[in-house]
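A look at the structure
The residues making up each chain are set out below.
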Amino acid sequence: MGQTEAVKPHKKSAIPGVTIKQFVEVIPKGCSKPDFERKPITLTLQEGKNAVFRAVVKGEPPPKVIWKRSKEEMNNPDKYQMSFNGITNEFILQINKLTAEDTDLYHCSAVNEYGEAACTAGLKVIQGRTDLKKELQDYRKMLRKRTPLPAQKKEVDMEQVWQLLLNADRKDYEKICLKHGIVDFRGMLRKLQQMKKDREDKQQQYIYSVTNLKHIKVNKEGNATFHLEMDLKNPESRIYLYKDGQLINYGFNDDKVKHCLRQEGKKYNFTINHLQLEDAGVYQIKVEDVDVFSTELEADFIPVGFRHLLSEVHCHEQGNAIFECSLYSPCYDAVWLYRKHPIEENDKYKISISPDGLTHQLVIKNTQLTDKGTYTLDIRICSSSAWLEVERDAFPMWALFLSVCSESHCHFDKGLSDVSAQKGKPAVLSCSLNNDQLTVFRGHQGLISLAGYNFHAILWQGVSSLCSTFLWLRIRVLCSGAPVSTALLEKLMKEPVIVKAGQNAMVKIPFKGRKPVRATWLKDGDELLNDARIHIDKADNFTRLLISSTDRKDCGDYKVKLKNENGTLEASLKLEVIDKPQKPVGPIEVVDSSTTGITIRWKPPEDDGGTPVQNYIIEKQQVGRKTWVTLGETSRNNSTFTTNKVRQDKSYRFRVRAVNAEGKSKALESDEVMAATKAFPGPPAPPQIVSVNKESITLSWKAPPKTGNSRILGYIVEKRKKGSNIWTPITDLPITDRKWMVTDLKEGLQYEFRVAAVSATGVGETSAPSDAVFARDPMKPPGRVRDLKVTNTDYTSITLAWMKPDSKEGGSAKGYKVEKRSSDSLKWTHCNTVPIGLTTCTVKGLQAREMYFLRVRAVNEGGLGEALALDTCIQAVPPIVNPKFLRDDTMKNLMIIKVGNCIRVHMPFEASPTPEAIWLKDGLPLPSRAIVSTRDGLSQLLIPSAEFSDSGLYTIILQNEWGKKESFNIPQSPGPILLQEKILNTVTVIWEPSPTEKWESNLYYVVMKCDSNKGSWQVVGDLIYTNKFTITKLIPGRGYYFRVVAKNYMGTSDPSETVQPWIMQKEKDEFKVRLPKYRRVNQNMPPRFLVQLKPHVVTTAFDCHMSCAVGGYPKPKITWYKDGRNLSEDPTFFSTNDFGVCCLVIPGVTKRDEGEYKLEATNELGHAVSKGILQPATMGHYLPLQCNLILSSVYPEYFTEFNNTPTKTKRDREK
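Within each chain, residue numbers correspond to sequence positions counted from 1 in written order. In keeping with the predicted nature of the model, local features appear solely for residues at pLDDT of at least 70, side-chain atom pairs appear and are counted solely at 80 or more, and the whole-chain, interface and lining totals rest on all residues. Computation of side-chain values covers all heavy atoms of the structure but excludes hydrogens and water.

Topic: the overall build of the chain
The condition is simple: Helix and strand definitions follow DSSP, with helices as H or I runs of at least four residues and strands as E runs of at least two, each counted in order from the N terminus. Burial status follows relative accessibility: with a 1.4 Å probe on protein chains alone, a residue under 20% of its type maximum counts as buried, one over 50% as exposed, and anything between as partly exposed. Whether two residues are in contact is decided by their heavy atoms: any pair within 4.5 Å suffices. Note on areas: Shrake-Rupley with a 1.4 Å probe; residue coverage comes only from the protein chains shown.
On a plain count of helices and strands, the chain comes out with seven helices and 94 strands. With 1215 residues in all, the chain has 40% of them scored as buried. Sequence-distant contacts, at least 24 apart, represent 63% of the contacts inside the chain between residues at least 6 apart. For the chain, the exposed area adds up to about 69900 Å²; of that, 50% sits on carbon and sulfur atoms.

Set out below in structure tokens:
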């Protein structure tokens, strides 16, 4: 199978570096071609070790995995071991005892009968410890040169190339033509000129103008943007975004989505976030179905590298150091290096990669001084390095161990304390005990044994380098004991542990007691557990807490609980982490600005870093320059600064830093400030009405967006009566707050208000007037709206209608507010910001097929009324329209095409939602040359060059997502015709059914006859759903031809005809004169049904004709019933009785018409009943079953009387 030639081009896998071939044209349902879920990765290993490649594949049937290498065959089973792990579904290749000759490219392929997936992985075997980085770079160059399956260039449709040329600058024509193989430059220009003219004509349907086309550009953040300006005729026109001809979804004003559209007026800005290599391609913008703009994103311009580089790490001895970085694109074969030597994961190093391959982390456990140095992450195309600094603890740690006997009391009067000493200098440790029997140990070796003294000391004549590390002392009390001294616990509680940010914090608590002893550490009442930064150690006689790379969040109250079977002991301590302060709280406020000076103000930082802020440093930068100049400092209590080092009409930026004992904070930067003449404040927004009653009106307002060049001191509020031009201040002094209650009003009058800001420069511009409001008590809110219902839906909107609330339930409604919420959210959002006055609303901007809850509130001056919500959630989909073909006179049943010409068949239809169109040829799938396109209610079949093999019967089937189908097919001819004469002057025509009847439920037959004397065809039977028909009124001795055709509502088949004429023999009786003997004929007969009612299955919205034949004398009375209900007086049903042929017409069948129908015939001699069932069809492709019978023998006396009437013409009698 591996030799099968693929009939499909290479497919793209979701896994980068995997190429897929497809062997067959169509893959059966339930089967799939192979693909990799996880491919093997490139390895770099030392000589003598084992290499293991792992791969996980998928496909149905399960594919076979084949391993190969480029240089030679893998025939040695001891060297190359291939296996499959059924638990992890991994295919494994293990290469034992690597040598330099094993450096090669290894190929992994997965094959089944439908396709093949292949990928490669490299193996580099390192000899010794030479310059590894150079070897890795050389090896990766070799991999790039020898890759057997280079990435195929993405094929671009020529239609997209022409769209690129339409929107490209003329200077770029040559580059685009060379790239895509266009050699006729002049012909290209002529075609472009015509295409531009055609596009402008199409764009005039939807767009006034298109300007400022900006092609795609990639920014430093790894995002791509392109924009244009469009003036749409209809703002509701839909805008579509395509990539390489495929429609893609985009979000609005949301940077979290992949593709985002931001609209500002007529400007449309498209953004592609978080670029990856697969984002390269041609992007097109369409308005409805008209091309507007095309641009290309080339893979060469997509940045691939580090998003966040490695940064320097500081760590204490025995702590954990963590290096972490992130990439723009996935990388699974990156290599960590320490001083140019590769790092492998072991007990010392932990290497982790996020599942998306973008985040890489290296953890160095239990760091020592020898671990410091440069660490590097190499990702082939580039690398990032950072320094690890391992810091020695400033002081050794001492631990006290107390062993207490039960006979006497012994405790420390003065315990050991921390001692620092220089190398080579004496060092003394001392303590005081209330007993004179003890032995001092360093580790497990006794240093000195003292007796008879209560004060004890250990003297080192010269401190060696060993003493600079952790020194563990144990003092064993040999005397008979005493209770444990609480001095150590009190010291921990009184004196906090202080650590600088970034350093490691370590607290060791020694203990003595009956084992086992359980130690639990808590922070602020919550138990601490081991993680990347926190490590808890426990031994038989101590417990230790180590926090790596501390920060301010680690501050708090810590507690250790020691518990054994004899009791519980708790020790509390406080940890303080000191750091630089946070930046001051902004924004920087400009208190005053003039041509001679600028005054700014800020707020102190929220966190001073654990030490008090000493002062603030103020800097300035003139706009347009890069340098910052220090202006001065202020004390910790002064957060205002004034500078006169400014020039008139120049703009400046200021920044402020807080300073404490640990250093400077980050800078708080201001906006641009101009040293200009004093500017007055701008106008605030119109004031808002907060509350109203007959005695007062409460207002609120916002500060103006432009405050001038000095801070706002207050506001002046003015009022006027509605219709008056005179404004009156409501206070004598400016109001410092932005809310005020206005009094001194006259009840029933309407007032307007406005506000002006006041600063040191003067009174600014006044705002626009507020809404007019009456000085009266609040109105009662309106009641609930009534009869809320949905009138229309589509993919993006839902239309509601309702009735006004009852006036008895509250005040009159002045408007309505519509609210919505999605089915997976509990938050209601407003659909209209301003209340609408109509009782109908279209909620737009919905997500297609999403479920929404909707509700409506009435509103007036008294507030919002109670909300009325729909009973169920509504889906944003258009109304369901069953598939239906729209046939007209231009459609042909037969097409004759010359060989080599184009076959093009258009088939209009209507359906909602858009159905799937399936074209068949002679009941089989179309050949690969055929092109089918379906959109906007039209399906087209296109065969560019016709061949003899294309002759045949073509069928189109429409199927929507609910399974409803509609097929278009001209029926095939009926079979041979058989004629039978059972009754005098009548003939029964019997024919073989049309083959189309097997799959076409809408099929019926038409019977025609041709008199040999006249030569014209006459329809004698229509809408026949059986395969026989009886023809009456034939003239004996005359020849007749008969023809039968099959029909559906899409066309008529070829006829099936009789070859020889049918002649009814004319019998000649012997002439005799016989006088008739009069005898009265008894014609009395009870009712009986000659043709019974039959069950009917009718498509909804079609008419139903139910018929039967009844005989009897006297003429029976006919009565129709449905489910026992008399239909005589029901105007929705129409019934006829023509000479015993009874017909009931049910127009526009609905679901309510389903049931049992009964016809009752009654005369003096008895009665008869016939029943039939009507069932509306649930599928869209059924047509009503109709059966019209004409029985001339039902009431022969009526026909005789009718034909003998002299006033009747022959034409009337034939009718």
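The structure having been displayed, the exposition proceeds.
A short note on the pattern of salt bridges
Cut-off, in case you're wondering: Salt bridge, as applied in this entry: a Lys or Arg side-chain nitrogen positioned within 4 Å of an Asp or Glu carboxyl oxygen.
Tallying each qualifying case throughout the model produces 35 salt bridges. The salt bridge involving Lys49 is made with Glu344; its shortest N-O contact spans 2.8 Å. Of this pair, Lys49 sits in the loop between β4 (43-46) and β5 (51-60) while Glu344 sits in the loop between β24 (341-342) and β25 (349-353), and the two are 295 residues apart along the sequence. Judged by its relative accessible area of 34%, Lys49 is partly exposed. For Glu344, a relative accessible area of 33% translates into the label partly exposed. Salt bridges sharing partners connect three or more residues here, namely Arg69, Glu72, Lys79, Asp102 and Asp104.

Section: the packing of helix α2 (residues 158-167) against helix α3 (residues 173-180)
Defined as follows: Fitting a line to C-alpha atoms yields each axis, with helices limited to the stretch in contact; the angle taken between N-to-C directions then spans 0 to 180 degrees. In what follows, roughly perpendicular refers to angles from 65 to 115 degrees, roughly parallel to angles under 35, roughly antiparallel to angles over 145, and oblique to any angle outside these ranges.
At a minimum axis separation of 10 Å, α2 and α3 run at an interaxial angle of 170°. Relative to α3, the element α2 is oriented roughly antiparallel. Residues Met158, Val161, Leu164 and Leu165 of α2 form the contact with α3, whose participating residues are Tyr173, Ile176, Cys177 and His180.

Quick word on the pairing of strand β81 (residues 1028-1031)
This is how it is decided: At least two bridges found by DSSP between two strands is the condition for calling them paired.
Along β81, the buried face is formed by Phe1029 and Ile1031; none of Lys1028 and Thr1030, which line the opposite face, is buried. Across four bridges, the pairing between strand β78 (residues 987-991) and β81 is antiparallel. Paired with Val987 across the two strands is Ile1031, which belongs to β81.

Remarks on the pairing of strand β23 (residues 335-338)
Side chains Val335 and Leu337 project from β23 onto one buried face, and the interleaved Trp336 and Tyr338 project onto a second face that is buried too. By the bridge criterion, two bridges tie β23 to β24 in an arrangement that is antiparallel. Looking across to β24, one finds that Leu337 is bridged to Pro342.

Remarks on the packing of aromatic side chains
Keep this limit in mind: Any two of the Phe, Tyr and Trp rings considered here, Trp counted by its six-membered ring, make a pair once their centres fall within 6.5 Å; the pair's planes then place it as stacked at under 30 degrees, edge-to-face at over 60, or tilted in between. Definition used: whenever NZ (Lys) or CZ (Arg) falls within 6 Å of the ring centre and also within 35 degrees of the ring normal, the charge is taken to sit over that ring.
Applying the stated criterion across every chain yields a total of 14 aromatic pairs. On the numbers, 6.3 Å between centres and 50° between planes, the contact of Phe226 with Phe293 is tilted. Here the residue Phe226 occupies a position in strand β12 (residues 224-232), and Phe293 occupies one in strand β19 (residues 290-297), the gap between them amounting to 67 residues. Phe293 sits in the buried class, given a relative accessible area of 1%. Clustering of aromatic rings is evident, with ring pairs tying together Phe226, Tyr250, Phe270, Tyr283 and Phe293. Here the basic side chain of Arg821 rests over the ring of Phe853, its NZ or CZ set 4.3 Å away from the ring centre. One Lys or Arg, Lys1158, reaches over the ring of Tyr1121 and ends 5.1 Å from the middle of that ring.

Structural notes on the nonpolar core
Rule in force here: Buried Ala, Val, Leu, Ile, Met, Phe, Trp, Tyr and Cys residues form a nonpolar core when they are joined through side-chain atoms within 4.5 Å.
With 25 residues, the main nonpolar core has Phe36, Phe53, Trp67, Leu93, Ile95, Tyr106 and Leu123 as its most contacted residues. Elements that contribute at least two residues to this core include exactly β4, β5, β6 (64-69), β8 (90-95), β9 (104-112) and β10 (115-126). The dominant element in this core, judged by the number of residues it contributes, is β10, at five residues. Each residue touching Tyr106, except ones within four places of it in the same chain, is listed here: Phe53, Lys68, Arg69, Met74, Tyr80, Leu93, Ile95, Cys119, Thr120, Ala121 and Leu123.

Brief notes about the environment of Ile343
Mapped onto the fold, Ile343 is located in the loop between β24 and β25. Since its relative accessible area comes to 11%, Ile343 is described here as buried. Residue contacts for Ile343: discarding those within four places in its chain leaves Trp336, Leu337, Tyr338, Tyr349, Ile351, Leu362 and Tyr375.

Comments concerning the sheet that holds strand β64 (residues 840-843)
The three strands are arranged β60-β61-β64 in an open sheet whose pairing can be described as antiparallel. Each end of this open sheet is capped by a strand with a single partner; those strands are β60 (786-793) and β64. The sheet shows a mean angle of 20° between the axes of neighbouring strands, taken without regard to direction.

Considering the state of the cysteines
How we decide: Pairs of cysteine sulfur atoms within 2.5 Å are what we label disulfides.
One pass over the full model with this rule turns up zero disulfides. Note on Cys108: no disulfide assigned, nearest cysteine sulfur contributed by Cys119 at a separation of 5.1 Å.

Describing helix α4 (residues 185-203)
Here is the rule we go by: Helix span is expected to be 1.5 Å times the residue number reduced by one. Throughout, the arc means that of the directions going from the helix axis to the C-beta atoms.
Taking 1.5 Å of rise per residue, 19 residues should cover 27 Å, and α4 covers 26 Å from first to last C-alpha, within 8% of that figure. Buried within α4 we find Gly187, Met188, Leu192, Met195, Arg199 and Gln203. For α4, the angular spread of the buried residues around the axis is 130°, confining them to a single face. Facing away from the buried side of α4, by more than 90 degrees, are the exposed residues Arg186, Arg190, Gln193 and Lys197. In this fold, the buried residues of α4 make contact with α2, α3, β11 (207-218) and β19.

Re the sheet that holds strand β3 (residues 32-38)
The strand order across the open sheet formed by four strands is β3-β5-β8-β7, and the pairing between neighbours is antiparallel. Each edge of the sheet is formed by a strand with only one pairing partner; in this case those strands are β3 and β7 (80-85). Across the sheet, the mean angle separating the axes of adjacent strands is 25° when strand polarity is ignored.

What about the side chain of Arg1043?
Here is the rule: Polar contact is defined as a pair of N or O atoms within 3.5 Å, subject to the rule that within protein one atom must be able to donate a hydrogen and the other to accept it, and that residues adjacent in sequence are counted only when both atoms are side-chain atoms.
Relative to the elements of secondary structure, Arg1043 occurs in strand β82 (residues 1039-1048). A relative accessible area of 18% places Arg1043 in the buried class. At 2.3 Å, the side chain of Arg1043 forms a polar contact with the side chain of Glu1057. Setting aside anything within four residues of it in sequence, one finds Arg1043 in contact with Ile977, Val1006, Val1007, Met1008, Trp1017, Pro1055, Ser1056 and Glu1057.

Things to note about α2
Burial analysis of α2 places eight of its ten residues in the buried class, which makes it a mostly covered element. Residues of α2 that are buried make contact with α3, α4, β11, β18 (281-287) and β19.

A closer look at a nonpolar patch on the surface
Inclusion rule: Patch definition: residues above 30% relative accessible area lacking any salt bridge, with like charges linked at up to 9 Å and the nonpolar side chains Val, Leu, Ile, Met, Phe, Trp and Tyr linked at up to 5 Å.
Together, Ile41, Tyr332 and Ile353 make up an exposed nonpolar region whose accessible area comes to about 250 Å². Relative to the elements of secondary structure, Tyr332 occurs in the loop between β22 (321-327) and β23. For Tyr332, a relative accessible area of 40% translates into the label partly exposed.

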